[in-house]
Amino acid sequence: MRGGCHFGYAAPAMAQSYRSIKRILVANRGEIAVRVMRTCHERGIETVAVYSDADRLAPHVQMADYAIAIGPAPSRESYLRIDKILDACKTSGADAVHPGYGFLSENEDFADACEAAGIIFIGPRADAMRKMGSKTEARKTVTAAGTPVVPGDNGPDGNGFPDVALALASAKKIGFPVLIKAAAGGGGKGMRLVSSEAEFGASFEGAKREAAGAFGDDTVYLEKAIIRPRHIEIQVFGDEHGSIVHLGERDCSIQRRHQKVVEEAPSPVVSAELRAKMGAAAVAAARAVDYRGAGTCEFLLGADGGFYFLEMNTRLQVEHPVTEMIYGVDLVSWQIDVAEGRPLPLTQQELDGRRRGHAVECRVYAEDPVKFLPSPGTITHMRVPDGPWVRNDCGCYEGAEIPVHYDPMISKLVVWGEDRKQAVARMRRALDEYQVRGIETNLPFHRLCLRHPQFVAGEYDTGFIGREHEALTPKASGPDFEAALIALALDSGGPRPAAAASNGANGASKPTATPASSSSEISGWRWGTRGWRG
Ligand code: MV4
C-alpha cells in the first residue's frame with residue numbers, strides 16, 4: 001500500500017510523486033504520542049518514541065517500535081530540545097516527525113530545522129505558522145480575506161500601541177469595556193479587561209509588563225470586549241493541491257483559567273446555517289495563509305449570534321476526537337496523507353454528508369477537584385470505562401506515576417451518541433464507571449458538570465465554571481466523608497475496603513446514597529458500589 005498507486009485515491013497519475021513515509025518519530029509523550037502511534041501502526045508505518053528520564057516506562061515508549069532517550073525530565077532539557085529531536089531522527093532513520101500538541105508543535109524554527117535536515121514535519125509550513133503566531137498579523141491577514149474579527153485597533157502602524165495616550169484615545173473610540181491583548185499572546189496571558197477610562201493607564205502598563213515577561217515582546221493591541229461569549233472553534237484541513245475543507249465546530253466554552261475541561265461537537269447553539277457561515281470564514285482564513293494540514297480557527301460567538309475570529313491554532317488539538325467521532329474520520333491519518341503529498345480523502349460535500357450524532361469529551365486531570373491544584377503521584381488503582389461508543393485516550397496505567405514535570409492530564413474520555421441527550425447520558429455512565437485511586441482527579445467535578453441543569457440544557461458560556469463554581473464543587477470530601485466511606489465499605493462487604501481506607505475514594509455522591517446491609521452476607525444479595533466510586 002505504501003508508495004505505490006493507492007486504490008481509492010484520485011489522480012493515480014500523481015502516485016509516483018507522493019512522498020512515502022515509512023517511519024515516524026513522535027516528538028511528544030503521553031496520550032497524544034500513543035494516539036499518533038496507533039494510526040501509524042494501522043497504516044503500517046513504524047514508530048519512534050523519544051523519552052525523558054521521567055518517561056522510561058511510559059506507554060508511548062512501550063508502544064513504539066524504537067525508543068530514544070533525549071535527556072532529563074524537565075521539558076526544556078528534553079521534549080523542547082530541537083537538536084536532540086533531530087539527532088534522534090537521524091539515529092533512528094525516521095523520515096518524518098509528528099509533533100503532537102504543545103512542546104514543539106507550533107515552533108516554526110523546528111519546522112524549518114526539520115525541512116533543512118530533509119525530514120518531513122507533519123504540520124503546516126513555517127510561514128503559515130509565523131503569520132498566525134502574531135495576533136496582530138493574523139487579524140490583518142484574515143480581515144483581508146473577509147473573515148470577521150472582533151472590532152478593535154492594532155495600533156497606529158498596525159503593530160501595537162507604543163504609548164498609553166494613543167491607546168486610550170483608541171479605547172474611547174472603540175467604547176468600553178475593552179480588552180488589552182498581547183500580540184504574542186494566547187491563553188489569556190498579558191490580557192486585561194478595562195471597564196472605564198480611569199483604570200486604563202494602570203492596565204495598559206500591567207499588560208505590557210506581563211507580555212514582556214511571558215513572551216519577550218511587549219506589543220499590545222485593543223479589542224472590544226465581547227460579553228459572555230461562547231468559545232467556538234472550527235476544524236480546518238488543507239492539502240498541497242489547493243483544497244481546504246472544514247469539519248464543523250467544537251464548543252469549548254467549558255473552561256477554567258483558559259484550560260479547557262469539557263468539549264463537545266456539534267455546539268448546542270450552532271445551527272446548520274451558522275455552521276456553514278463560520279466554516280466558510282475559517283476556510284477563508286486558512287486559505288489566506290495557504291494552509292496545509294490540520295488547523296483550528298478559534299472564534300468568539302456573542303449572545304447576539306455575531307461571531308469573531310480570535311486566533312488560529314496551527315496544530316492538531318487536544319479535543320480533535322470529538323470531531324473524529326461525528327465525522328467518522330481519523331484526523332492523524334489525514335495529516336499523514338497530506339504530509340505524503342496526497343489530496344484530502346474527502347470533499348466538503350462528502351464531509352457534510354457524513355456528519356452524524358453528537359460527541360462529548362471530558363479531560364480527566366490529576367488534580368484536586370476542589371482547589372484545582374495538580375495532584376501528582378502514583379496511580380494505585382485504575383479502572384477505565386469501556387463499552388459501546390466510549391473512547392478513552394489515555395497515556396498512563398495502573399501503577400504508573402504521574403510526573404510533576406508535565407501536563408497533569410490522565411486521559412480524554414470521549415463518547416458518541418445519536419443525539420446530545422444520549423451522548424450526555426452515556427458520558428455520565430462512563431464517568432460513573434471510571435475509578436482512579438492513589439491520586440486526586442477531577443472526575444467528581446465532571447460528574448457534577450454533566451448533571452448541571454444548565455449544561456444539560458446546553459446553556460453555558462466561557463464564564464460557566466466561574467459562576468457555577470459552588471454547584472460544581474464536590475461537597476462530600478475530606479476526612480469525614482472518607483471516614484463515612486470506610487464505615488460503609490466495611491459494613492456492606494463492599495470491595496476493596498483496604499484501598500478505600502488507605503487512599504480515600506473521592507466519589508461525588510453522598511455516602512448515604514448506598515444503604516449498608518448487614519444481611520448481605522447471609523442472603524448472597526448485596527448492594528453494588530455504583531455511585532460512590534473514585
Ligand atoms: C476575548 C474575550 C472577550 N472579548 N476577546 C481568552 C484567551 C484568549 N485566547 C482570548 N480570550 C478571550 N478573548 C474579546 N474581544 C474573552 C476571552 C475569554 C475567553 C475566551 C475563550 C474561552 C474562554 C475565555 C475565558 C475568559 C475570557
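Counting of residues starts from 1 at the beginning of each chain's written sequence and follows it residue by residue. With pLDDT at 70 or above as the cut-off, local features in this predicted model cover only qualifying residues; side-chain atom pairs require 80 or more to be listed or tallied, and sums for whole chains, interfaces and linings still use all residues. Hydrogens are left out, water is left out, and the side-chain values use all remaining heavy atoms of the structure.

A. Spatial organisation of the overall build of the protein chain. When you go through the protein chain residue by residue, the secondary structure sums to 19 helices and 21 strands. Accessibility here uses a 1.4 Å probe with only protein chains present; expressed as a share of the type maximum, an area under 20% marks a residue as buried, one over 50% as exposed, and anything in between as partly exposed. Out of the 534 residues belonging to the protein chain, those deemed buried represent 55%. Between two residues, a contact is recorded if the distance between any of their heavy atoms is within 4.5 Å. Restricting to contacts in the protein chain with at least 6 residues of sequence separation, those with at least 24 account for 66%. Carbon and sulfur atoms make up 53% of the accessible area of the protein chain, which totals about 21,900 Å². Where helices and strands are cited, they refer to DSSP runs of H or I of at least four residues and of E of at least two residues respectively, numbered from the N terminus. Every accessible area reported is derived by Shrake-Rupley at a probe size of 1.4 Å, with residue values counting cover from the shown protein chains alone.

B. Fine view of the environment of H98. On the secondary structure map, H98 appears in strand 4 (residues 96-98). Once residues within four sequence positions are removed from consideration, H98 is found in contact with I24, L25, V26, A27, V36, I122, V332 and Q335. In protein, a polar contact requires one atom able to donate a hydrogen and another able to accept it; more generally it is a pair of N or O atoms within 3.5 Å, and residues adjacent in sequence count only if both atoms are side-chain atoms. One polar contact links H98 to Q335, side chain to side chain, over a distance of 2.7 Å.

C. The arrangement of the side chain of S375 in detail. Along the chain, S375 turns up in the loop between strand 15 (358-365) and strand 16 (377-378). Taking relative accessible area as the criterion, S375 reaches 12% and is therefore assigned buried. With residues near it in sequence (within four places) discarded, S375 still touches A366, E367, D368, I439 and E440.

D. Representation of the environment of T296. Checked against the element boundaries, T296 lands in strand 13 (residues 293-301). Taking relative accessible area as the criterion, T296 reaches 0% and is therefore assigned buried. Not counting residues within four places of it along the chain, the set of residues in contact with T296 comprises E233, I234, Q235, V236, R250, E311, M312, N313 and Q317. Within the structure, the side chain of T296 is placed 3.1 Å from the side chain of R250, a separation counted as a polar contact.

E. Geometry of the site of the ligand. Residues are counted as near a molecule or strand when any one of their heavy atoms sits within 4 Å of it. Within the structure, the ligand sits among 17 residues, and L179, K181, E223, K224 and I226 are positioned closest to it. Here K181 contributes a side-chain N or O atom positioned 2.9 Å from a nitrogen atom of the ligand. In the environment of the ligand, a nitrogen atom lies 2.8 Å from a nitrogen or oxygen atom belonging to the backbone of I226. Against a free-state accessible area of 530 Å², the protein chains account for coverage of 86% of the ligand. Mapped by element, the contributors of at least two residues to the shell around the ligand are strand 7 (178-182), strand 9 (220-224) and strand 14 (307-313). Class assignment for the residues of the shell around the ligand results in seven nonpolar, six polar and four charged. In this classification, Asp, Glu, Lys and Arg are treated as charged, Ala, Val, Leu, Ile, Met, Phe, Trp, Tyr, Cys and Pro as nonpolar, and every other residue, Gly included, as polar.

F. Representation of unusual backbone geometry in the model. The residue after F176, namely P177, is reached through a cis peptide bond having omega 0°. Residue placement: P177 occurs in the loop between helix 7 (164-174) and strand 7. Residue P266 is reached from A265 by a cis peptide bond, and omega for that bond is -5°. Examined against the element boundaries, P266 turns out to sit in the loop between strand 12 (259-265) and helix 9 (272-288). Of note in this structure, D290 is not a glycine but carries a positive phi near 50°. One can find D290 in the loop between helix 9 and strand 13. You can call D290 partly exposed: its relative accessible area is 40%. Positive phi, normally seen in glycine, also occurs at W389, with a value near 55°. Tracing the backbone shows W389 in the loop between strand 17 (381-383) and strand 18 (390-394). On the accessibility criterion, W389 (52% relative accessible area) is exposed.

Spatial relationships are all this shows, so hold off on functional conclusions.
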